[in-house]
Amino acid sequence: MNIAITGASGFIGRRLVRQFIADGHAVHLLLRRLKAGQEPGIPYSIWDTVQSEPPLEALSSADAVIHLAGEPISQIWTASAKQRISQSRAEGTERLVSALSRLSHRPQVLICASAVGYYGSRGDEILSEASAPGQGFLSDVCVAWEERAMSAEALGIRVVRLRTGVVLGGEGGALPRMLPQLRWFAPGRLGSGKQWMSWIHAEDLVHLILHCIGSAELRGAVNATSPNPVTNTEFQKTIAIVRRVPFLFPVPAFAVRALLGEMSSIVLEGQRVMPKAALDDGFVFRFPDLDPALRNLLA
């Protein structure tokens with residue numbers, strides 16, 4: 001199979017490329033810029049999502065397109081940062097679909113990254129793919145992002161909108177940013193600690209993407225989260241147990257807001273998300289529970 005990947009130099013993109021090559025697939029990378037350490041011998045094209053459509057030659061042979069490219073969410077949400085986040089996702093996806101419309105050979109499937117931020121802050125409500133979108137900046141971004149992706153359905157392309165939770169991985173994702181302090185202690189709960197964290201082990205995310213490519217019946221929204229979300233307090237305590245470090249005093253919400261500004265909503269508010277579509281389609285999680293997932297990553 002021929003697979004084109006945007007955002008291929010990112011944390012998940014690199015894992016996907018390794019897996020696809022190991023499985024014998026042909027891969028074409030779409031990168032914003034060529035980075036040092038790029039694996040040699042893999043064809044690539046340069047594409048800036050906010051400047052132009054992707055080059056057609058990068059997509060012309062693709063049987064599947066995986067769209068991961070976008071401005072990082074984890075940064076202080078200044079006005080300019082919010083504009084970059086919105087443009088890179090909504091307009092970038094629109095440009096990608098426009099390029100796909102001009103192909104004589106179109107891919108069978110487009111897998112477009114989204115996020116559980118789609119649901120907004122929902123307290124203890126159990127959320128599935130059928131749940132309505134929430135409110136707020138990140139929810140608005142995800143709605144616009146997914147709407148652009150869905151327009152590819154009119155081209156006869158199966159579209160999967162992958163709503164990803166907090167990704168846990170040893171070499172990227174949420175954990176490495178926490179590791180320096182985890183050598184000595186685990187932070188206490190953030191804010192109330194009651195907010196839900198919908199997480200997924202990076203290995204499960206990669207295999208879920210593979211599952212979405214191979215399952216012809218799977219389309220629409222797919223929650224990429226473990227079937228066992230935890231509260232922030234549970235998450236921090238589990239880290240402390242696995243690392244055998246003290247579980248310290250809570251960090252008050254005002255301190256998190258002072259440090260992160262509007263972006264603090266990501267950690268102070270949460271979503272209790274269930275991967276109903278994946279489970280109904282027969283996907284089996286390798287790491288459905290947090291404790292063994294963290295032990296695998298932090299051993």
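Residues numbered from 1 in each chain as written. Predicted model: local features only at pLDDT ≥ 70, side-chain atom pairs only at ≥ 80, totals over all residues. Heavy atoms only, no water.

Participant: Where do I start with the overall build of the protein chain in this structure?
Facilitator: Secondary structure summary: the protein chain contains 10 helices and 13 strands in total. Overall size of the protein chain, expressed as C-alpha extent along the three principal axes, is 60 × 40 × 40 Å. In the protein chain, buried positions account for 53% of the 299 residues. In the protein chain, the proportion of contacts linking residues at least 24 apart, taken out of those at least 6 apart, comes to 77%. (Helix = DSSP H or I, 4+ residues; strand = E, 2+ residues; numbered from the N terminus. Buried < 20%, exposed > 50% of the residue type's maximum accessible area, 1.4 Å probe, protein only. Contact = heavy atoms within 4.5 Å.)

Participant: Honestly, the pairing of strand β5 (residues 109-115) in this entry has me stumped. Any pointers?
Facilitator: In regular strands, side chains alternate between the two faces of the sheet. The buried fraction of β5 amounts to seven of the seven residues, a majority that puts the element mostly inside the structure. Every second residue of β5 is oriented toward a common face, with Val109, Ile111, Ala113 and Ala115 on one face and Leu110, Cys112 and Ser114 on the other, all of them buried. Where strand β4 (residues 64-67) lies against β5, four bridges are found, and the strand directions are parallel. When the sheet's bridge partners are listed, Ala64 is paired in β5 with Val109. (Pairing = 2+ DSSP bridges.)

Participant: Mind showing me how you'd approach the packing of helix α1 (residues 11-22) against helix α5 (residues 202-214) here?
Facilitator: Two quantities define a packed helix pair, namely the angle between the helix axes and the distance between the axes. The N-to-C vectors of α1 and α5 enclose an angle of 60°; their axes lie 10 Å apart at closest approach. Judged on the interaxial angle alone, α5 and α1 are oblique. Where α1 crosses over α5, the handedness of that crossing is right-handed. Of α5, the residues touching α1 (which contributes Phe11, Ile12, Arg15, Leu16, Gln19 and Phe20) are Ala202, Glu203, Leu205, Val206, His207, Ile209, Leu210 and Ile213. Of the residues contributing to the contact of α1 with α5, the split by class is 10 nonpolar, two polar and two charged. (Axes fitted to C-alpha atoms, helices over the stretch in contact; angles between N-to-C directions. Parallel < 35°, antiparallel > 145°, perpendicular 65-115°, else oblique. Left-handed = near helix turned anticlockwise from the far one by under 90°. Nonpolar A, V, L, I, M, F, W, Y, C, P; charged D, E, K, R; others polar.)

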